[in-house]
Amino acid sequence: MKGLSLHVIPFSEIQDLGIAERVRKILALILANKIIILHGKLRPEEEARLIEDTMAMVDHIKNFQGIELAVIEPDLKNKGIMMKMRHGIAKRLVGYTGALTLIGPASVVKEIRQDPKKLELMLS
Amino acid sequence: MVLKILKEFSRRILSNIFRKRDDIKIGFYGPPNAGKTSLANIICKDWTGEEMGKVSKVPHETRKVQFKEKVEIEYKGKKLVFKMVDTPGIATKIDYEDFIKYGLKKQVAKKRAKEATQGIIDSIKWLDDMDAVIIVLDATVNPYSQVNITIIGNLVARKIPILIVANKIDLKKANVKKVENAFPEYEVVGISARDGENIDEFYESLFKLAKKV
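Residues numbered from 1 in each chain as written. Chains lettered and ligands numbered in written order. Predicted model: local features only at pLDDT ≥ 70, side-chain atom pairs only at ≥ 80, totals over all residues.

### What about the overall build of chain A?
Short version of the rule: In DSSP terms, a helix is any run of H or I states spanning at least four residues, a strand is any run of E spanning at least two, and both are numbered starting from the N terminus. Neighbour density around each residue's C-beta defines its exposure: 20 or more other C-beta atoms within 10 Å make it buried, 12 or fewer make it exposed, and counts between make it partly exposed, where C-beta atoms are placed from the backbone. Here contacts are defined at the residue level, using C-beta atoms placed from the backbone and a cut-off of 7 Å between them.
Each helix and strand counted, chain A has 3 helices and 6 strands in total. For chain A, the sequential pattern of α-helices and β-strands runs β-α-β-α-β-α-β-β-β. Taken over 124 residues, chain A has a buried fraction of 30%. The long-range fraction of contacts in chain A, counting pairs at least 24 apart against all pairs at least 6 apart in sequence, stands at 69%.

Structure, rendered in structure tokens:
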């Protein structure tokens, strides 16, 4: 491997972008062979759009195989009401969810092993 | 403009009121090679005498959305008529070289990859048209995959009822409990689409799912 390039995106950087712009920004970085760590997570419809646009690109861009994608978020199931409220307020105010999203080009990231508490990145 | 909106609104309301129960569209969604078409084939063979589609060990065998109109199931005195929609498996990556490992020639593998990418796009587009969805997962594979979470998230956002099927329980590695733990909010039925194991329980759950529409 020649080198590993990580690109950290604070949620504030995509907060005001529409769905198309968010996905475009992510895919531009992926095409530059960067692994993205996004503070926060995409909405389900944005993830679906990301998969759709990725597939359209696999079809049109030579040697592009797609992406690996995983999200890890705090487990609030057994947390107290105050903790849940704090997360709820933060989410409403600044879009903060405590989640981390990892997206990498499939040519660089072979697999992301995911369970509720950890993400394991397997590189090609 | 206002008139157009009102027209569309009343059309939707009226179509919902007068919609026949056999208009229900039930989709089969999930990752590739989980057994969506195998399960659809069991239902079709049981109740229509025909198969839904071809199955294969090579991933992405189903690359086009397939339909079976007016599938009529009678089970324990109850009747359900629906349109069955079998969709291509959703994935975030496609590499034609993966197909070559299964013995496909390069040109055939490339064609399959091209068709598979379009199939995934079509599957996602069809989400909007579903009335209920059966998510078929391979019970031998880690269920905590973002593709599964994305599919479920999109169905929840559209308020579409969900039933999760954990397939391949005939295999030693199958872990239905893990699937249940991953998605505790949903009913999970463990089946083997290969052997027909637990299909009765699946039909029970299918009727419950249709009731939620």
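### Describing helix H5 (residues 146–157) of chain B
To be explicit about the condition: Expected span of a helix: the number of residues minus one, times 1.5 Å.
The terminal C-alpha atoms of H5 of chain B, which comprises 12 residues, lie 16 Å apart, in line with the 16 Å expected from a rise of 1.5 Å per residue. The elements touched by buried residues of H5 of chain B are helix H2 (44–60), strand S3 (67–72) and strand S5 (109–114) of chain A together with strand S1 (25–29), strand S4 (132–138) and strand S5 (162–167) of chain B.

### Some points on the sheet that holds strand S6 (residues 188–190) of chain B
All names here are of chain B. Formally: When DSSP locates at least two bridges between a pair of strands, those strands are taken to pair. Axis definition: a line fit to C-alpha positions, over the contact stretch in the case of helices; interaxial angles, taken between N-to-C directions, run 0 to 180 degrees.
Spatial ordering of the open sheet is given by S2-S3-S1-S4-S5-S6, a layout of 6 strands whose pairing is mixed. Only two strands of the sheet have a single partner each, and these edge strands are strand S2 (66–75) and S6. Neighbour to neighbour, the strand axes of the sheet diverge by 30° on average, direction disregarded. Judged from the 4 bridges that link them, S1 and S4 form a sheet pairing that is parallel.

### Remarks on the packing of H2 of chain A against H5 of chain B
Angle between the axes and distance between the axes are the two parameters that describe a pair of packed helices. The cut-off we apply is this: These descriptions rest on fixed angle ranges, namely under 35 degrees for roughly parallel, over 145 for roughly antiparallel, 65 to 115 for roughly perpendicular, and the rest for oblique. In a left-handed crossing the near helix is turned counterclockwise from the far helix by less than a right angle, and in a right-handed crossing that turn is clockwise. In this classification, the charged set is Asp, Glu, Lys and Arg, the nonpolar set is Ala, Val, Leu, Ile, Met, Phe, Trp, Tyr, Cys and Pro, and all remaining amino acids, among them Gly, are polar.
H5 of chain B packs onto H2 of chain A with a crossing angle of 130° between their chain directions and a minimal axis gap of 8 Å. In terms of their interaxial angle, H2 of chain A and H5 of chain B are classed as oblique. Considering how the two elements wind past one another, H2 of chain A and H5 of chain B form a crossing that is left-handed. Contacts between H2 of chain A and H5 of chain B involve Pro44, Glu45, Glu47, Ala48 and Ile51 of chain A on the former and, on the latter, Thr150, Gly153, Asn154 and Ala157 of chain B. Within the contact of H2 of chain A with H5 of chain B, the residues separate by chemical class into 4 nonpolar, 3 polar and 2 charged.

### Concerning the nonpolar core
Residues and elements named next belong to chain B. Stated formally: When buried Ala, Val, Leu, Ile, Met, Phe, Trp, Tyr and Cys residues are joined through C-beta atoms within 7 Å, the set is termed a nonpolar core.
Judged by nonpolar contacts, the single largest core of 79 residues is most densely connected at Val133, Ile135, Leu137, Ile164, Val165 and Ala166. In terms of residue count, the dominant contributor to this core is S4 (6 residues). The contact partners of Val165, leaving out residues within four places of it in the chain, are Leu39, Ile134, Ile135, Val136, Leu137, Val189, Ile191 and Phe202.

### Some words on the pairing of S3 of chain A
Residue and element names in this part refer to chain A. Burial of S3 is extensive: 5 of the 6 residues sit out of reach of the surface. Across 6 bridges, S3 lies against strand S4 (residues 100–105) in antiparallel orientation. If you follow Ile72 over to S4, its bridge partner there is Leu100.

### Section: the sheet that holds S4 of chain A
Residues and elements named next belong to chain A. Read across the open sheet, the 4 strands follow the order S1-S2-S4-S3; overall the sheet is mixed. Because the sheet does not close on itself, it has two edges, and the strands there are strand S1 (6–9) and S3. When strand polarity is set aside, the average angle formed by the axes of neighbouring strands in this sheet is 15°. Where strand S2 (residues 35–39) and S4 come together, 4 bridges link them in antiparallel fashion. Bridged to His39 within S4 is Leu100. Together, S1, S2, S3 and S4 form the strand contacts of helix H1 (residues 19–31), whose direction differs from that of S4 by roughly 45°.

### Here's the deal with unusual backbone geometry
Although it is not a glycine, Asn33 of chain A sits at a positive phi angle of roughly 65°. You can see Asn33 of chain A is positioned in the loop between H1 and S2. Of note, Lys70 of chain B is a non-glycine position whose phi angle comes to about 45°, a positive value. Position of Lys70 of chain B among the secondary structure elements: in strand S2. Residue classification places Lys70 of chain B among the exposed positions, given that 11 C-beta atoms sit within 10 Å.

### Remarks on the interface of chain A and chain B
At the interface, 22 residues of chain A touch 17 residues of chain B. Only H2 and S3 of chain A provide two or more residues apiece to the side of chain A that touches chain B. Looking at the side of chain A that touches chain B element by element, the count peaks at 11 residues for H2 of chain A.

### A short note on the environment of Ile94 of chain B
For Ile94 of chain B, the location among the structural elements is in the loop between strand S3 (78–86) and helix H3 (96–100). Under the C-beta neighbour-count criterion, Ile94 of chain B is labelled buried, with 26 such atoms within 10 Å. With 43 residues separating them in the primary sequence, Ile94 of chain B and Leu137 of chain B have C-alpha atoms 19 Å apart. Apart from residues lying up to four places away in sequence, Ile94 of chain B is in contact with Val58, Gln65 and Gly66 of chain A together with Ala113, Ala116 and Thr117 of chain B.

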